[in-house]
Amino acid sequence: MPAQQGAGADTDPGGANGASARPLAGPDAGRLEATQVRAMFDGIAGVYDALNTAMTAGLHHRWRARAAELADLGPGDRALDVATGTGDLALELATHVAPGGEVIGSDFAERMLDRARVKAAARAGAGVCPRFEWGDALALPYADRAFDAATVGFGARNFDDLGRGLAEMVRVVRPGGRVVVLEITTPVRPPLSWFYELWFDRLVPLLGRVTQGASRALGPLRRGGHAAPSSAAATIGDAYTYLPNSVKRFPSPATLAAELERAGLEQIRYLLLAGGIVAIHAGTVPRERT
Ligand SMILES: C[S@@+](CC[C@H](N)C(=O)[O-])C[C@H]1O[C@@H](n2cnc3c(N)ncnc32)[C@H](O)[C@@H]1O
């Protein structure tokens, strides 16, 4: 049994999918197809880091640091950060594997990866520098047992098939290595649950709409010298409407722990941070894997 620790249809984002696109509101809200997810994150890459900091008062860095600790890495180890986005968790992992280790951050949204590469270049020469590569989390382009640990931060919620994404992470980690999942979760106890409802259901979508308005007023977003597609500003408001819905439909911490077990992990435990707004799950790949 997993052990708990501590206290701690409106639019098609990206406009990419026509009739088959899943809606942002209604019963299927918070669930998007992979092509929609990719277009959405490509569209918001330029504001993703700033909005994360605004939404969490900067705490997201601390949560990733804790997740990286739970990956249980040491100098010379090899780590994979799946759905790495703009690369912050991969950069955290890099501090644990130096000297001599290797970190790969993989994602299927090229514009998010572009941001990650800019950050990594700024740190080149200081310890281990992560490499950022295109990869689909549901079909990772890496050999079995290639890594000492695999992590995913705020990405599992977006997987089209959670079980398959977790199984892929387990596959690429060596026996005895860790798989770590950092994700937003829904607190159940008042008063935090009331505050969370207000913050997530009302203020986060509002923040997205305000940022969208600002982006439109300021003209095309620019990333690394390239103009963003004209749909970019439109996707910001959509993305931050999708976010609370995707959190609501994601499994509870106990159910996610059971999913990790089903994916083949053992010694599963999870921490709840920030009063239960964030969960970090960690499990170990069995030594006697067939
Ligand atoms: C909310 S962002 C999280 C980024 C980063 N891990 C962090 O800690 O901020 C979710 C990321 O998951 C990526 N993603 C979602 N589904 C994916 C998949 N099937 N394969 C690869 N990346 C995926 C998106 O492109 C996006 O960059």
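What counts, and where the lines are drawn
- Residues numbered from 1 in each chain as written.
- Predicted model: local features only at pLDDT ≥ 70, side-chain atom pairs only at ≥ 80, totals over all residues.
- Near = placed C-beta within 6 Å.
- Helix = DSSP H or I, 4+ residues; strand = E, 2+ residues; numbered from the N terminus.
- Core = buried A, V, L, I, M, F, W, Y, C linked by C-beta atoms within 7 Å.
- Buried ≥ 20, exposed ≤ 12 C-beta atoms within 10 Å, placed from the backbone.
- Domains from an automatic or database assignment.
- Contact = placed C-beta atoms within 7 Å.
- Arc of directions from axis to C-beta.
- Pairing = 2+ DSSP bridges.

Engineer: Any details on the site of the ligand? Residues and values, ideally.
Structural biologist: If you check the shell around the ligand, you find 22 residues, and the closest are A83, G85, A109, A137 and G153. Mapped by element, the contributors of at least two residues to the shell around the ligand are α1 (34–56) and α3 (88–97). Of all the elements, α1 adds the most residues to the shell around the ligand, at four residues.

Engineer: Explain the nonpolar core residue by residue, including any values.
Structural biologist: Ranked by size, the top nonpolar core spans 74 residues in total, and within it A79, L93, A150, V180 and I280 carry the most contacts. At eight residues, the largest contribution of residues to this core is made by α1. Residues from two domains meet in this core; each of domain 1 (60–183 + 250–284) and domain 2 (187–249) gives at least three. Discounting residues that sit within four places of it in the chain, V180 has contacts with A67, L70, A71, A149, T151, I280, H281 and A282.

Engineer: Explain the environment of T284 to me, using residue names and the numbers behind them.
Structural biologist: On the secondary structure map, T284 appears in strand β10 (residues 278–284). T284 sits in the partly exposed class, given 18 other C-beta atoms within 10 Å. Between the C-alpha atom of T284 and that of V170, which follows or precedes it by 114 residues, the distance is 8.7 Å. Aside from chain neighbours lying at most four places away, what touches T284 is G176, R178, L265, E266 and Q267.

Engineer: So, unusual backbone geometry: which residues are in play, and what are the values?
Structural biologist: A98 connects to P99 through a cis peptide bond whose omega is -5°. Between P190 and P191 the backbone carries a cis peptide bond, its omega angle lying at 5°. Checked against the element boundaries, P191 lands in the loop between β6 (173–184) and α6 (192–218). The backbone of A57 sits at a positive phi, close to 55°, despite the residue not being glycine. Positionally, A57 belongs in the loop between α1 and α2 (60–70). With phi around 55°, A274 is a residue other than glycine that occupies positive phi space. With respect to the element layout, A274 can be found in the loop between β9 (266–273) and β10.

Engineer: I'd like a description of helix α8 (residues 253–262), backed by residues and values.
Structural biologist: Residues of α8 that are buried: P253, L256, A257 and L260. Taken around the axis of α8, the buried residues stretch over an arc of 105°, which confines them to a single face. Along α8, the residues that are exposed and aim more than 90 degrees away from the buried face are A254, T255 and R262. Positive phi appears at G264, one or two residues downstream of α8, with a value of about 110°.

Engineer: Would you mind going over the pairing of β10 in detail, with residue names and values included?
Structural biologist: Counting buried residues in β10 gives six out of seven residues, a clear majority hidden from the surface. Two strands pair when backbone bridges link them, and β6 and β10 are joined in this way by seven bridges, in the antiparallel orientation. Along β10, the bridge assignment pairs V180 with A282. Note that β9 and β10 share six bridges and pair antiparallel. Residue pairing for β10: L271 is matched across the bridge by I280. Hairpin connection from β9 to β10: four residues lie between these consecutive antiparallel strands, with A274 at a positive phi of about 55°.

Engineer: I'd love a proper account of the environment of G177, names of residues and values included.
Structural biologist: Of note, G177 is situated in strand β6. Residue G177 is classed as buried on the basis of its 22 C-beta neighbours within 10 Å. Counting along the chain gives 88 residues from G177 to L265, while the straight-line C-alpha distance between them is 9.8 Å. Apart from residues no more than four positions distant in its own chain, G177 is found in contact with F147, D148, A149 and V285.

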